[in-house]
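Topology and contacts: notes
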Amino acid sequence: MKTAMTTARRFLCASLLSVPALALGDDHPYETDEHRVPAFQTGGDAVIRNVTIHSAVGPAVQGDVAVKDGKIVGVGEVEAPEGAHEIDGEGMHLAPGVVDCHSHMAIERGVNEGTVSITAEVTIADSVNPDDLTIFRALAGGVTTIRQLHGSANAIGGRDSVLKLKWKRTADELRFPGALEGIKFALGENPKRSRSRENTRFPGTRMGVEAIFYRAFERAREYQAEWDAYEKAKAAGDDPAPPRRDVRLDVLAGILEGDVHVHSHCYRADEILMLIRASQHFGFQIATLQHVLEGYKVAHEMAEAKVPGSTFSDWWAYKVEAYDAVPHCAALMMEAGVLTSINSDSGEMVRRLYAEAGKSLRYGDMGRVNALQLVTLNPAKQLGIGDRVGSIEVGKDADLVLLNGDPLSPRTRVEWTMVDGHIEFTRRDAFGLQDDPPAVREIEATAVAAEVTEGDPVVALVGGTIHPATGPAIEQGTLLMQSGVIVAVGADVKVPFGATIIDCAEKHLWPGMISLNSAVGLQEIGAVRATIDTREMGGDQPDLRVTASINADSAKIGVTRHNGITRVQTAPQGGGPLMGQSAVLRLAGDTWEEMLTVDRDMLHVRFPSSGRRRFFGEDDGHGHDDHDSCDERVDYDDWLTAGIEPVQGPPGRGRRGRDSGSDDEEAKEPDGVKELRDMLADAREYARRRELATGGSKPAFDPRLDALAPFARGEKKMGLHVGNAQTILFAVKFAQEENLDVVLYGAREAWKVVDVLAQAAIPVVLGPIWTSPSSSYDPYDAPFAQAAVLARAGVPFAIMTADTDNERNLPLQAATASAYGLPEQEAVRAVTYYPARILGVAERHGSLEVGRAGDVLVTSGHLLDVDAPVERMFIDGVEVDPRADKHTRLYRRYRERLHSKQGVAREE
């Protein structure tokens, strides 16, 4: 391993130094198995003192937890077992280890045996890969138990496997002893292979999926009866010939007998009810419905049938059957009495499941104990291991996690993880951010003239804590808005007579957030091409603009606005390399003209990648790996530094890599950069000739060159979308040599070349924060800590989600950056003031200062806290209901249905 690491780093350094005019800073941090060894061990006996205990069975309490021989032996005031390792938990929080009910990590090669519609004879237990780096990264997020599931390419798939996570053990050492055997069913688009263009395998409809179950279990009944008759005849003294053994029907018969437990992938309410009725017809109990995104619509029926549900926290709109998914699903199912959990189905999200559960504090107003149970005790019960794990109680396995804050907060990180009393992960600050943290930057105020005038109405927000973003908070302040503009802010502001006064006592006021590189208005459903206008065919299209294609009635506008985003930079998301021009929009208005803030603000360029590689079936960086799908997803942006793939392979897939270069090879400019240079030169020459020419000598109008010219001349900003470190360096060199005004987007390996970026002073829009490290040699928290690393170096930056479905999570992604070293005020600025500054609109947006637009949010707590939702919102001084969105409407409608059904049930 050390030899491979040395080769990788030597090649990277040689590559960077070969790029002229750029200086390489100190070696960046890296991570090998040597760094993954825990900093201390307990030997299975420990006592954690003076810690806040989140037991998952009651409110948080201060106390001690004692562990002996890997079991919890005391909670509260305890005496340390003899020889126990003493751990000081002062100021820390202790939670049960996370149990992920739906995972595809640590599986060798594929997760689907998709050749036929029924593959009950196969089992994931035969394909456990204990060397998958995702195991370590999951432990770093507090996950201690997972259930590995077969994919959902067939109606009746393979059997599952339950693992205790331990790093660098054998497959047999990971198996959870005594765990119940389960099997994966699947309903909907995946088993009918909706996204396969040449599907010839039955079924092709939901009707056919239902028929699979009835046909299969009728045959299983016959098979069972044949064996029952055989055993009866043998018992009577006869010598009958045994029925033909069928390993597939053995498993189906085991389902009927209750020995194999059904866990079914599903989305829509109709198919949920179908499977419930089919299970009742054949007399077997469903162990869980997985994903169950419309479970909230039939929560009453699920509760009646005693069918548990394991759902996502907030994924939606990535395909048709997910379009009615709402983030309130878990809360509504819990309210109905359904045993509910939240799962990851992702090698990336698995690291953040505490915070995913925390979203139910915001959506559905769930209590803290119930929210924690969503990823601890409830999934343990669903897997039949609730007597062993999932809570901090005497007699249970010592699967414990120490955090530096409330486990449900996205501003919290894991410090260590214990499994069976042994430490499996300890946090390492690879970037030195604890000893050398970034400072909060001083921002020079820019005065903009504005004052209260007579005539127009005034809105006064009075008594709240005002967070201007550009300066310190103002306690018990007053903010005045008139004609859509902030006209006064301060602690001693007088409210004019006749103003509309809104009492904000004990509330907090924040600037509206700005989402960069957004797809709002251009994309509705990810898998439906007719709803997508994010990319054009035909290569370079610099004259395209997004503005006139914005769907002002898109459901995503209200959903995105819900958590406090008031402006977006909607941009092309593909094609090119010259993809087209973005626009800055406000999230209010009935038409795109009413939404428009700035048209054609930036030209977006997909800069040619250096060291390109592809991973199949991996997380796409947006949290949507969809391993359940019968299709394989491709992440085109997950390239390794200097083109070297790790021997261990990418997270979760076990794919071996190859070295694409040698120590002596110089980094060559990526294919396509020369063509870009030529186009810029052509555009500049075209513009020059058009300006100098007179009469008939003027060159013929060329829409592409005409649109490109102001960007080629550096008169307007160009967004260069980049990925790995080498590509970033080439992009910086390109921008400097061409004298361009650029912003870098994505830049997932910016931390590796932070000194170069600081020297170049080029703004960087980081995102997503929620993504996996791009190399097995990168520190586990590199994407989370990257914003802090850039802030410390003085690089101008902002944060984006890079998520076409869930841009509403912008403040939560910033919160994660805050948990890993970015100061809170800088994290707030990264989604408010800094985006405005990058867009060149900071004199009008991004802060609560006089003269700025009245984009104001009112919350009960910190903007980045998951339990402090936006209570009131103003856009250009006009109040907008933050809950006027599709998801809230569906939640209210089906909550009323649940209450109606519960009322009828009580009467009966």
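Residues numbered from 1 in each chain as written. Predicted model: local features only at pLDDT ≥ 70, side-chain atom pairs only at ≥ 80, totals over all residues. Heavy atoms only, no water.

With that settled, the discussion passes to the environment of glycine 498. Considering the arrangement of structural elements, one finds glycine 498 in the loop between β20 (485–490) and β21 (500–503). Residue glycine 498 is classed as exposed on the basis of its relative accessible area, which comes to 64%. Considered as a pair, glycine 498 and glutamate 715 are 217 residues apart in the sequence and their alpha carbons are 46 Å apart. (Helix = DSSP H or I, 4+ residues; strand = E, 2+ residues; numbered from the N terminus. Buried < 20%, exposed > 50% of the residue type's maximum accessible area, 1.4 Å probe, protein only.)

Most of strand β12 (residues 286–291) sits inside the fold, with six of its six residues counted as buried. Pairing geometry for strand β11 (residues 261–266) and β12, over five bridges, is parallel. Bridging from a neighbouring strand, histidine 263 pairs with threonine 288 of β12. As a crossover connection, the stretch from β11 through helix α6 (residues 269–282) into β12 is right-handed. Pairing geometry for β12 and strand β13 (residues 309–311), over three bridges, is parallel. (Pairing = 2+ DSSP bridges. Right-handed = clockwise from strand over helix to strand, strands pointing away.)

Moving on: the nonpolar core. Within the largest apolar cluster, 149 residues are counted, with the highest numbers of intra-cluster contacts made by Met718, Ile728, Leu744, Leu757, Phe797, Ile799 and Leu822. Among all residues touching isoleucine 728, those that are not within four sequence positions of it are Val722, Gly723, Leu744, Ala747, Glu749, Ala750, Val753 and Leu757. In terms of nonpolar packing, the next biggest core, distinct from the first, is built from 51 residues, Ile156, Ile183, Leu252 and Tyr894 among them. (Core = buried A, V, L, I, M, F, W, Y, C linked by side-chain atoms within 4.5 Å. Contact = heavy atoms within 4.5 Å.)

For the rest of this paragraph, the subject is unusual backbone geometry. A cis amide bond, omega 5°, links phenylalanine 202 with the succeeding residue proline 203. In the segment running from glycine 767 into proline 768, the intervening peptide bond is cis, with an omega of 0°. Relative to the elements of secondary structure, proline 768 occurs in the loop between β33 (764–766) and α18 (782–793). The residue aspartate 365 is not glycine, and still its phi comes out positive at about 55°. Tracing the backbone shows aspartate 365 in the loop between α9 (353–362) and α10 (368–373). Phi is positive for arginine 600, which is not a glycine, with a value near 50°. With respect to the secondary-structure elements, arginine 600 resides in the loop between β27 (596–598) and β28 (603–606).

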